[in-house]
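Below, each chain spelled out in residue letters.
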Amino acid sequence: MRTTLLTGLIVLAATAAAAQPSGHMSAPEVRRIFFGIDMQGVHQPSGDVWRECIDPDGKTAYWLRGAFDEGRLTVRRDGSLCFSYASSGFRDEACWKARRVDATNYKFESADGEEGVFVTTRTRPAQSCPGRDAVVS
């Protein structure tokens, strides 16, 4: 009985620790926040300004270094946001773990070994995304 109780407590503690080990957002939280958002920010360490709008269905519009791409967002069970783009025929995928920086801004760290991080400097709700010629500043 004691062994069973001890084993149960160890499993419960390990499960709780694994749920949010480093402050990254969970899959339900990611789905609630990032489907229907327009974000602008800075890539670190390059300093490049970027913008990505994600409509409520997961279609994205992305601007970086003067280039525009359309894409799709999916969310893995671990909460990683995975982006694929038309420019690669949707074959390549980059996945990022998100954490809150403050009430309305986020930091995206690679879930699969990409370099650098993306940090938002401005976010706002979006029911649809602008086209190729939108302002990025």
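Above this text you will find the structure in question.
Residues numbered from 1 in each chain as written. Predicted model: local features only at pLDDT ≥ 70, side-chain atom pairs only at ≥ 80, totals over all residues. Heavy atoms only, no water.

Asks: What's the story with the pairing of strand 3 (residues 59-64) in this structure? I'm lost.
Replies: Regular strands have side chains that alternate between both faces of the sheet. Burial analysis of strand 3 places five of its six residues in the buried class, which makes it a mostly covered element. One ladder, built from five bridges, connects strand 2 (residues 49-54) with strand 3; its direction is antiparallel. Within the sheet, the bridge partner assigned to Trp50 lies in strand 3 and is Leu64. The hairpin turn running from strand 2 into strand 3, its antiparallel successor, is four residues long, and Gly58 in that turn takes a positive phi close to 95°. In the sheet, strand 3 pairs with strand 4 (residues 67-75) via six bridges, with the strands oriented antiparallel. Bridge assignment links Tyr62 to a residue of strand 4, and that residue is Asp69. (Buried < 20%, exposed > 50% of the residue type's maximum accessible area, 1.4 Å probe, protein only. Helix = DSSP H or I, 4+ residues; strand = E, 2+ residues; numbered from the N terminus. Pairing = 2+ DSSP bridges.)

Asks: I would appreciate a short explanation of the nonpolar core in the present structure.
Replies: Generally speaking, a soluble globular protein has its nonpolar side chains buried in company with each other. Counting residues in hydrophobic clusters, the biggest one holds 22 residues, and the most contacted among them are Phe34, Leu81 and Phe108. Mapped by element, the contributors of at least two residues to this core are helix 2 (27-34), strand 1 (37-44), strand 2, strand 3, strand 4, strand 5 (81-85), strand 6 (94-100) and strand 7 (106-110). For this core, the element with the highest residue contribution is helix 2, accounting for four residues. Those residues in contact with Phe108, other than ones at most four positions away along the chain, are Phe34, Met39, Trp50, Leu81, Trp96, Lys97, Ala98, Val117, Phe118 and Thr120. Of all hydrophobic cores here, the second largest spans six residues; its members include Cys53, Ala61, Ala126 and Ala134. (Core = buried A, V, L, I, M, F, W, Y, C linked by side-chain atoms within 4.5 Å. Contact = heavy atoms within 4.5 Å.)

Asks: I'm lost on the pattern of salt bridges in this one. Help?
Replies: Oppositely charged side chains are able to pair whenever their charged atoms sit close together. Per the stated rule, a full pass over the model turns up eight salt bridges. We note a salt bridge from Glu29 to Arg100, for which the minimum N-O separation is 3.8 Å. Placement of the pair is Glu29 in helix 2 and Arg100 in strand 6, with a sequence separation of 71 residues. Classification of Arg100 as partly exposed rests on a relative accessible area of 38%. One salt bridge in this structure joins Arg76 and Asp112, with 3.4 Å as the shortest N-O distance. Placement of the pair is Arg76 in the loop between strand 4 and strand 5 and Asp112 in the loop between strand 7 and strand 8 (117-125), with a sequence separation of 36 residues. (Salt bridge = Lys/Arg side-chain N within 4 Å of Asp/Glu carboxyl O.)

Asks: Help me out: how do you make sense of the sheet that holds strand 5 in this one?
Replies: Think of a sheet as strands paired side by side through backbone hydrogen bonds, with each pair either parallel or antiparallel. The eight strands are arranged 1-2-3-4-5-6-7-8 in a closed barrel whose pairing can be described as antiparallel. Taking the axes of each pair of neighbouring strands and ignoring which way they run, one obtains an average angle of 30° across the sheet. Packing of helix 2 onto the sheet brings it into contact with strand 1, strand 2, strand 4, strand 5, strand 6 and strand 7, and relative to strand 4 it is tilted by some 140°. (Axes fitted to C-alpha atoms, helices over the stretch in contact; angles between N-to-C directions.)

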